[in-house]
Amino acid sequence: MMRTNERVAWAAWTLALLLFVAAIVLIVATGDWAVFDRLLAFITLGAFVFAFASVGALIASRRHSNPIGWLSLVVALAFALAACSFAYTEWGTDGAFLPGAAYAAWLATSGWLVGLVVPATFILLLFPNGRLVDRRWRWVAIAASAGLAGALVNQSLKPGILGGTRRSFENPFGVPALEPVLGVIGAFAVVAILMSTAASIAALVVRFMQGAEVERRQIK
């Protein structure tokens, strides 16, 4: 079982890096590094992917029962997939795009969302031992899960122009009939994510104040 977890962890690490390398290749192919506004932004994103993937693979392969490692790998994969999808949407000439560019834009939007929400909620809430401070904090995990799920549903099915890319793409999965309901879901998701983020930060502070010396050093 441990061998399997180790293989899965490093396979996820490899996939995250390959996706980001593919993003670099696609950006080079466009001949326009300005698609990420600044080269520094692209380098920073690459550092995020490498850091989350490496830390996640190390923890998941050695302490597979600690969800921090797996969550970090999810963040790395989400950012890498978003970067690769984003770069794919930029590759086109004279208004023509590669096949499936709208679907790539849809993936990019979802990837950015997962990559931002997971570390701001679940990782802060469970760091460093992978467990809640106590059972009373379960509502934060539930709120974060509901908020992320609601945001993904809203983002995935809401008709109109997709965000997350420089080009204008219509959502290929947009359902106009669901727009009123999706508006409510989206508003709920924003509130749930903001609340769970604030509560996750508070949980980390409480853990630092009440934790043992080793745990406090890990948080530092």
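Residues numbered from 1 in each chain as written. Predicted model: local features only at pLDDT ≥ 70, side-chain atom pairs only at ≥ 80, totals over all residues. Heavy atoms only, no water.

*Asks:* Give me the lowdown on the overall build of the protein, citing residues and values where you can.
*Replies:* Of the regular secondary structure elements, the protein holds seven helices and two strands. In summary, the protein has a C-alpha radius of gyration of 19 Å against a globular reference of 17 Å for 220 residues, a match within 12%. Across its three principal axes, the protein shows a C-alpha extent of roughly 60 × 40 × 35 Å. A buried classification covers 41% of the 220 residues belonging to the protein. Considering only contacts in the protein between residues 6 or more positions apart, those separated by 24 or more positions represent 69%. Summed over all atoms, the accessible surface of the protein reaches about 11800 Å², with 69% contributed by carbon and sulfur. Of the charged side chains in the protein, 16 are positive and 10 negative, and the gap between their average positions amounts to 16 Å. (Helix = DSSP H or I, 4+ residues; strand = E, 2+ residues; numbered from the N terminus. Rg over C-alpha atoms; globule rule 2.2 N^0.38 Å. Buried < 20%, exposed > 50% of the residue type's maximum accessible area, 1.4 Å probe, protein only. Contact = heavy atoms within 4.5 Å. Areas by Shrake-Rupley, 256 points an atom, 1.4 Å probe, with all protein chains shown as cover. Lys, Arg positive; Asp, Glu negative; His and termini not counted. Charge placed at Lys NZ, Arg CZ, Asp CG, Glu CD.)

*Asks:* Give a description of the packing of aromatic side chains that names residues and reports values.
*Replies:* With the rule as written, the count across this model stands at seven aromatic pairs. Residues W10 and W13 carry aromatic rings whose centres are separated by 5.5 Å and whose planes lie at 70° to one another, so their mutual orientation is edge-to-face. One end of the pair is W10 and the other is W13, both in helix α1 (residues 2-30) and three residues apart, which spans about a single turn. Of the residues examined, W13 reaches a relative accessible area of 23% and is grouped as partly exposed. Each ring, one from F48 and one from F52, has its centre 6.2 Å from the other, and the planes form 25°; the classification is stacked. Linking F48 with F52, this pair stays in helix α2 (residues 39-62), spanning four residues, or about one helical turn. (Phe/Tyr/Trp six-rings, centres within 6.5 Å; stacked < 30°, edge-to-face > 60°.)

*Asks:* So what's going on with the nonpolar core? Residues and values would help.
*Replies:* Counting 37 residues, the largest nonpolar core has W112, V118, I123 and L148 as the members making the most contacts within it. Ranked by the residues each element gives to this core, the list is headed by helix α3 (residues 67-90), at twelve residues. (Core = buried A, V, L, I, M, F, W, Y, C linked by side-chain atoms within 4.5 Å.)

*Asks:* Give me the lowdown on the pattern of salt bridges, citing residues and values where you can.
*Replies:* Note on pairing: side chains with opposite charge can pair once their charged atoms come close. Following the criterion strictly, the structure yields three salt bridges and no others. Here R207 makes a salt bridge to E215, at a shortest N to O gap of 3.7 Å. Accessibility expressed as a relative area gives 4% for R207, which makes it buried. (Salt bridge = Lys/Arg side-chain N within 4 Å of Asp/Glu carboxyl O.)

*Asks:* Quick one: what's the story with the packing of helix α5 (residues 138-157) against helix α6 (residues 179-210), residue by residue and with numbers?
*Replies:* Interhelical geometry of α5 versus α6 gives an angle of 145° and a closest axis separation of 7 Å. Considering only the axes of α5 and α6, their crossing is left-handed. The residues of α6 that touch α5, namely those facing W139, V140, A143, A144, A146, G147, L148, G150, A151, V153, N154 and L157, are L182, G183, I185, G186, F188, A189, A192, I193, M195, S196, A199 and S200. Considered class by class, the residues forming the contact of α5 with α6 number 17 nonpolar, seven polar and no charged. (Axes fitted to C-alpha atoms, helices over the stretch in contact; angles between N-to-C directions. Left-handed = near helix turned anticlockwise from the far one by under 90°. Nonpolar A, V, L, I, M, F, W, Y, C, P; charged D, E, K, R; others polar.)

*Asks:* Describe the environment of R62, and please don't skip the residues or the numbers.
*Replies:* Tracing the chain through its elements places R62 in helix α2. Residue R62 is classed as exposed on the basis of its relative accessible area of 61%. Sequence separation between R62 and N5 is 57 residues; the distance between their C-alpha atoms is 8.6 Å.

*Asks:* An account of the packing of helix α4 (residues 101-126) against α6 is needed here, citing residue identities and associated values.
*Replies:* Two numbers describe how α4 lies on α6: the axes approach to 8 Å, and their chain directions differ by 30°. The handedness of the crossing between α4 and α6 comes out as left-handed. In this structure, α4 contributes V117, A120, T121, L124, L125 and L126 to the contact, and α6 contributes I193, S196, T197, S200, I201, A203, L204 and R207. For the contact of α4 with α6, a count of residues per class yields nine nonpolar, four polar and one charged.

*Asks:* Which residues make up the environment of V181, and what are the values?
*Replies:* Position of V181 among the secondary structure elements: in helix α6. Relative accessible area serves as the criterion here: at 48%, V181 is assigned to the partly exposed category. The spatial distance from the C-alpha of V181 to the C-alpha of L152 is 14 Å, given a sequence separation of 29 residues.

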